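Understanding the architecture of this molecule
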Amino acid sequence: MKQETIEQLEKALSDADIRISELEKSLHERRAEEFPKVSENRFRSIIQKSLDIIIILDQNGIMIYETPSLQSILGYQPGYLIGKSPFEFIHPADLERVANDLSEVYRKINLGVPTEFRVHKPDGTWVYLEAIGQNLLEDPAISGIVITARDITDRKSAEEELKKHRDHLEELVQERTAKLEETIEQLGKEVEERNRVENMLRKSEEIFDIHFSLSDDVMFTNDEEFRFVSVTPNVERVLGYTPEELVGKTFQETRVLHPNDMGRAYDNAQNVLSGGASRHPVYRFITKDGKTIFGEINGVPLIKKGHGSSLISVARDVTQRVLAEEELLRYSDHLEEIVKQRTNELSESEQRFRDLTENTTDWIWESDNQMHTIYSSPRVKDVIGYSQEEVLGKTPLEFLSSEEALRIQASWNEVIPNLQPWRNFEYSIMHKDGSLRVIESSGMPIFDHDGQHIGYRGIDRDVTERKRVEEELKKYRDHLEEQVNHRTEDLARAYEQLKQENDMRKATEIELEKHRKELEEMNATLKVLLRQRDGDKAAMEMNILSNIKTFILPHIEKLEAMDQNDSQRNTISMIRSHLEEITSPFTRNISSEYMAFSPGEIQVASLIRDGKSSKEIASILNISLNTVHTYRYNIRRKAGVKNNKVNLRSYLKGLG
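Sequence order as written defines the numbering, with residues in each chain counted from 1. Totals for whole chains, interfaces and linings use every residue, but because this is a predicted model, local features are given only for residues with pLDDT of at least 70 and side-chain atom pairs only at 80 or more, for both listing and counting. By convention in this description, side-chain values take in all heavy atoms of the structure and omit both hydrogens and water.

Here we come to the overall build of the chain. Summing up its helical and strand segments, the chain has 20 helices and 15 strands in all. Sorting the 656 residues of the chain into buried and exposed places 35% on the buried side. Within the structure as shown, the chain displays about 41,800 Å² of accessible surface, and the carbon and sulfur contribution to it stands at 53%. Think of it this way: any DSSP run of H or I at least four residues long counts as a helix, any run of E at least two long counts as a strand, and we number them from the N terminus. Any residue under 20% of the maximum accessible area for its type is buried, any over 50% is exposed, and the rest in between are partly exposed; the area is computed with a 1.4 Å probe on protein chains only. Only the protein chains shown count as cover for residues, and the accessible areas themselves come from Shrake-Rupley with a 1.4 Å probe.

What follows is the structure, given as structure tokens:
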């Protein structure tokens, strides 16, 4: 009985092991089936809770998928856009640009450049969207164009508000400028000074363009301990870290968040996990290469079992926006400073103009459109002798003679109706002391802010002394011109005489040149003849020496060797003596000491002694230059002067 019980237990254990194995296999298969569903549910939760719109277009541009966020942003019921073209909802002014950008996405030449456009809502309003397209037509899981769009209406509104603020500041500057200009419109040359100041201000001002461009958003999930659970791959493009470097680590461990913002970020995350609204805070982030960027975070809790277990967040790079806001503040302060500076400069300019009008020697004036004087500088008394009070309300014609007044009135009738300026116009006026003065006048029309002609402004100066000097100069110049004319006539006559002499000289030079060429030709002929004569002379001398050596000396030597009586010896001695007298000292030395020279070597040695070069010797003897060099070598060898440092000509000349 006991043995049967043991066998039953063993069988039961065996059956239990088999059942456990089957259960483990079933559990493993179930986990393998449920894991993709869990991942899919997590991704679907992220997409559905995202504030961005994601739609998918087929190859014909028809919408085949939309995210639930489309209803909260655009107001259309789920599924309303399916089967429609997105161009039905885009503002007409943006259609062409969006069509071009979408075409680039289809052709895979747009690599993530965002496009801004307006979309029509059911209530008749327009929403600004910023969209990025990705071509996934070849991905079997998608088979379409994925468009990710976000609502940038608030950003556009902020840009408009900033533009209005900037325009308002510029309008204030213009209004203040107009008022300041109006206060100095009564002053003549300040127009020129004011233009100079405005040009300086325009050069110093910078027109700031504020661009609010957002990079691709980074989506990430972190748990209650502030630890990264998942991060989208584009985090590497923004921060330089790969998702693998962040997942599983806390913000403190990764150090991607600025330490001074860590506490605020933790409090805001806890608030969102507790059900509070995200306040879109902006934090400072540290990139992998150490740079600081600004990011705006929008997070929503992932609810499990009635409470938030993790936080799904979208981070957006707003560095440019933050920097632009800081730049705008500096720009506003800069504009206010410019207004103050301009006010001070124009005030100083006004005082400078007053000082100028009171200290210049010229008479500065201003009149209404009927040419009645409404302003006169104190220098009017120095110019025409009348005081400021005496000329105010009067026209310049009242101080002129009737004839001069008619002439000036005729000139005014040509320029004033056409609102033309005049410059350096001269007229004569009788000074209050009775002297006649010549005045030079310049004037220009002035207008109010509505463009209406209100008068003329000008400057007059006394040029009486200058005119007197000009008259004296004219007389002197006329006298000089008369003298120049006389001198010119004298020079003309002298020129003709010199020309005739020059012609004669040229004729003489031509004749002399002709004779010179003839003499050169004769000289060349003489040189050829002289070279030929020298050659003949040398050849003749060499022939004589050669004949003496060949035909005479051998016989004399035979006679001298024979038995001779005194009479015969005297005769032979006389013959040798006469031969020596016939030859020159040079040939005598050559024949007596170097009788081993050949006739050709003797000829060459004689020409070398006469100072002829190797080329000249070759020409005279009609032999080649190499043959001359061979003769020279043999002469040195036979004469015992192989050392090239010894000058052969000097050596041969020393023989005679």
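What follows picks up the thread again.
Bringing the sheet that holds strand S14 (residues 436–447) into the picture now. Pairing is antiparallel across the open sheet formed by five strands, whose spatial order is S12-S11-S15-S14-S13. Across the chains shown, the open sheet's two edge strands, defined by having one partner strand only, are strand S12 (373–376) and strand S13 (422–430). Here the strands of the sheet are splayed against their neighbours by 30° on average, with no regard to which way each runs. As defined by bridge partners, S13 adjoins S14 across seven bridges and the pair is classed as antiparallel. Bridging from a neighbouring strand, Ser428 pairs with Val438 of S14. Working rule for contacts: check all heavy atoms of both residues, and any pair within 4.5 Å makes them a contact. Think of each axis as a best-fit line through the C-alpha atoms, taken over the contacting stretch in the case of a helix, with angles from 0 to 180 degrees between the N-to-C directions. Docked against the sheet, helix H13 (residues 402–415) engages S13 and strand S15 (453–462), running at close to 160° with respect to S13. Any two strands with at least two DSSP-identified bridges between them are counted as paired.

Quick look at empty space enclosed by the protein now. Unfilled space is identified by rolling a water-sized probe across the atoms. Every definition here rests on a 1 Å grid over the protein atoms only: cavities are sets of points where a 1.4 Å probe fits but cannot get out, pockets are open sets enclosed by protein on both sides within 12 Å along at least five of seven lines, and lining residues have some atom within 4 Å of a point. Grid points are joined across faces, edges and corners, and a volume is the space filled by probe spheres set on the points. For the structure shown, the criterion picks out seven cavities of 30 Å³ or more. Space inside the largest cavity adds up to approximately 380 Å³. Lining the largest cavity are 26 residues, with Ile55, Pro86, Phe117, Ala131 and Ile147 positioned closest to its centre. Every element with two or more residues in the lining of the largest cavity is listed here: strand S1 (53–57), helix H2 (69–74), helix H3 (95–106), strand S3 (115–120), strand S4 (126–136) and strand S5 (144–151). The residue classification treats Ala, Val, Leu, Ile, Met, Phe, Trp, Tyr, Cys and Pro as nonpolar and Asp, Glu, Lys and Arg as charged. All others, Gly included, are polar. Looking at the lining of the largest cavity, its residues break down into 22 nonpolar, three polar and one charged.

With that settled, consider the nonpolar core. Where a protein is soluble and globular, its nonpolar side chains tend to be buried together. Among buried residues, the Ala, Val, Leu, Ile, Met, Phe, Trp, Tyr and Cys ones that are joined through side-chain atoms within 4.5 Å form a nonpolar core. One finds Phe251 and Phe285 to be the most contacted residues of the largest nonpolar core, which totals 23 residues. Of all the secondary-structure elements, those providing two or more residues to this core are strand S6 (218–223), strand S7 (228–231), helix H6 (235–239), helix H9 (259–273), strand S8 (282–286), strand S9 (292–304) and strand S10 (307–317). The element contributing the most residues to this core is H9, with five residues. Beyond its immediate chain neighbours, meaning those up to four positions away, Phe285 contacts Leu239, Phe251, Val256, Leu257, Lys291, Thr292, Ile293, Gly295 and Ile297. Membership of the second largest hydrophobic core comes to 22 residues, among which are Leu57, Ile73, Leu74 and Val98.

Here we come to H13. Under the convention used throughout, the expected extent of a helix is 1.5 Å for every residue step, that is, one less than its residue count. With 14 residues, H13 should reach 20 Å at 1.5 Å per residue; the first-to-last C-alpha distance of 20 Å fits that figure. Turning to H13, its buried residues are Glu404, Ala405, Ile408, Trp412 and Val415. For H13, the angular spread of the buried residues around the axis is 95°, confining them to a single face. With respect to the buried face of H13, the exposed residues turned more than 90 degrees away are Ser402, Glu403, Leu406 and Glu414. What the arc describes is the spread of directions from the helix axis to the C-beta atoms.

Once that is clear, we can look at the sheet that holds S5. One open sheet accounts for five strands, arranged S2-S1-S5-S4-S3; its pairing is antiparallel. In this open sheet, the two edge strands, each paired with only one partner strand, are strand S2 (63–66) and S3. Averaged over neighbouring strand pairs, the angle between their axes works out to 35° when direction is ignored. Contacting S1, S3, S4 and S5, H3 runs over the sheet at an angle of about 120° to S3.

So, about a nonpolar patch on the surface. Patch membership requires more than 30% relative accessible area and the absence of a salt bridge. Residues of like charge join within 9 Å; the nonpolar side chains Val, Leu, Ile, Met, Phe, Trp and Tyr join within 5 Å. Each reported salt bridge corresponds to a side-chain nitrogen of Lys or Arg within 4 Å of a carboxyl oxygen of Asp or Glu. A surface patch of nonpolar side chains, amounting to about 280 Å² of accessible area, comprises Leu526, Leu529 and Leu530. Positionally, Leu529 belongs in helix H14 (residues 464–561). A residue is classified by how much of its surface remains accessible, and Leu529, at 48% relative accessible area, is partly exposed.

Pairs can form between side chains of opposite charge once their charged atoms are near each other. All chains considered together, the criterion is met by 41 salt bridges. Taking the shortest distance from any N to any O, the salt bridge between Glu426 and Arg466 comes out at 3.4 Å. Here the residue Glu426 occupies a position in strand S13, and Arg466 occupies one in helix H14, the gap between them amounting to 40 residues. Here the salt bridges share partners, and the residues they tie into one network are Asp52, Glu116, Glu130, Arg150, Arg155, Lys156, Glu159, Asp217 and Arg316.

To continue, consider the pairing of S1. Within S1, five of the five residues are buried, which leaves it mostly tucked inside the rest of the structure. Burial of S1 is two-sided: the residues Ile53, Ile55 and Leu57 facing one way and the residues Ile54 and Ile56 facing the other way are all buried. Here S1 runs beside S5; their pairing, made up of five bridges, is antiparallel. Bridge pairing in S5 places Ile53 opposite Ala149.

Before going further, it helps to examine unusual backbone geometry. Not every positive phi belongs to a glycine, and Arg255 is a case in point at roughly 60°. With respect to the helices, strands and loops of the structure, Arg255 is situated in the loop between helix H8 (251–254) and H9. Given a relative accessible area of 65%, Arg255 falls into the exposed group. The phi dihedral of Asn424 is positive, around 55°, even though this residue is not glycine. Looking at where Asn424 falls in the secondary structure, it is placed in strand S13. With relative accessibility at 49%, the residue Asn424 sits in the partly exposed group.

Attention shifts here to the packing of aromatic side chains. Centre distance within 6.5 Å is the pairing criterion for rings of Phe, Tyr and Trp, where only the six-membered ring of Trp is used; planes under 30 degrees apart are then read as stacked, over 60 as edge-to-face, and the remainder as tilted. Scanning the model with the defined rule gives eleven aromatic pairs in all. Residues Phe220 and Phe251 carry aromatic rings whose centres are separated by 6.1 Å and whose planes lie at 70° to one another, so their mutual orientation is edge-to-face. One end of the pair, Phe220, is in strand S6; the other, Phe251, is in helix H8, with 31 residues separating them in the sequence. Three or more aromatic residues joined by ring pairs make a cluster, and in this case those are Phe220, Phe226, Phe228, Phe251 and Tyr266. Whether a charge sits over a ring depends on NZ of Lys or CZ of Arg being within 6 Å of the ring centre and within 35 degrees of the ring normal. Seen from the ring of Tyr80, Lys84 lies directly overhead, with NZ or CZ sitting 4.4 Å from the centre.

Attention now moves to the packing of helix H17 (residues 599–609) against helix H19 (residues 625–639). The interhelical angle for the contact between H17 and H19, taken along N-to-C directions, is 90°, at an axis separation of 10 Å. Looking at the two axes, H17 sits roughly perpendicular to H19. On the side of H17, the interface is formed by Gly600, Glu601, Val604, Ala605 and Ile608, while H19 contributes Tyr631, Arg632, Asn634, Ile635 and Lys638. Small angles under 35 degrees read as roughly parallel and large ones over 145 as roughly antiparallel, with 65 to 115 read as roughly perpendicular and the rest as oblique.

Within the secondary structure, Glu66 is located in strand S2. Polar contacts, as counted here, are pairs of nitrogen or oxygen atoms within 3.5 Å of one another; within protein the pair requires one atom able to donate a hydrogen and one able to accept it, and residues that are adjacent in sequence qualify only if both atoms are side-chain atoms. Separated by 2.4 Å, the side chain of Glu66 and the backbone nitrogen of Gly79 make a polar contact. The residues contacting Glu66, other than those within four sequence positions of it, are Ile54, Ile55, Gln77, Pro78, Gly79, Tyr80, Leu81 and Ile82.

Let's shift gears to the environment of Ser274. For Ser274, the position within the fold is in the loop between H9 and S8. Note on Ser274: relative accessible area 66%, which makes it exposed. Put simply, Ser274 and Pro301 are 27 residues apart on the chain and 8.2 Å apart in space, counted from C-alpha to C-alpha.

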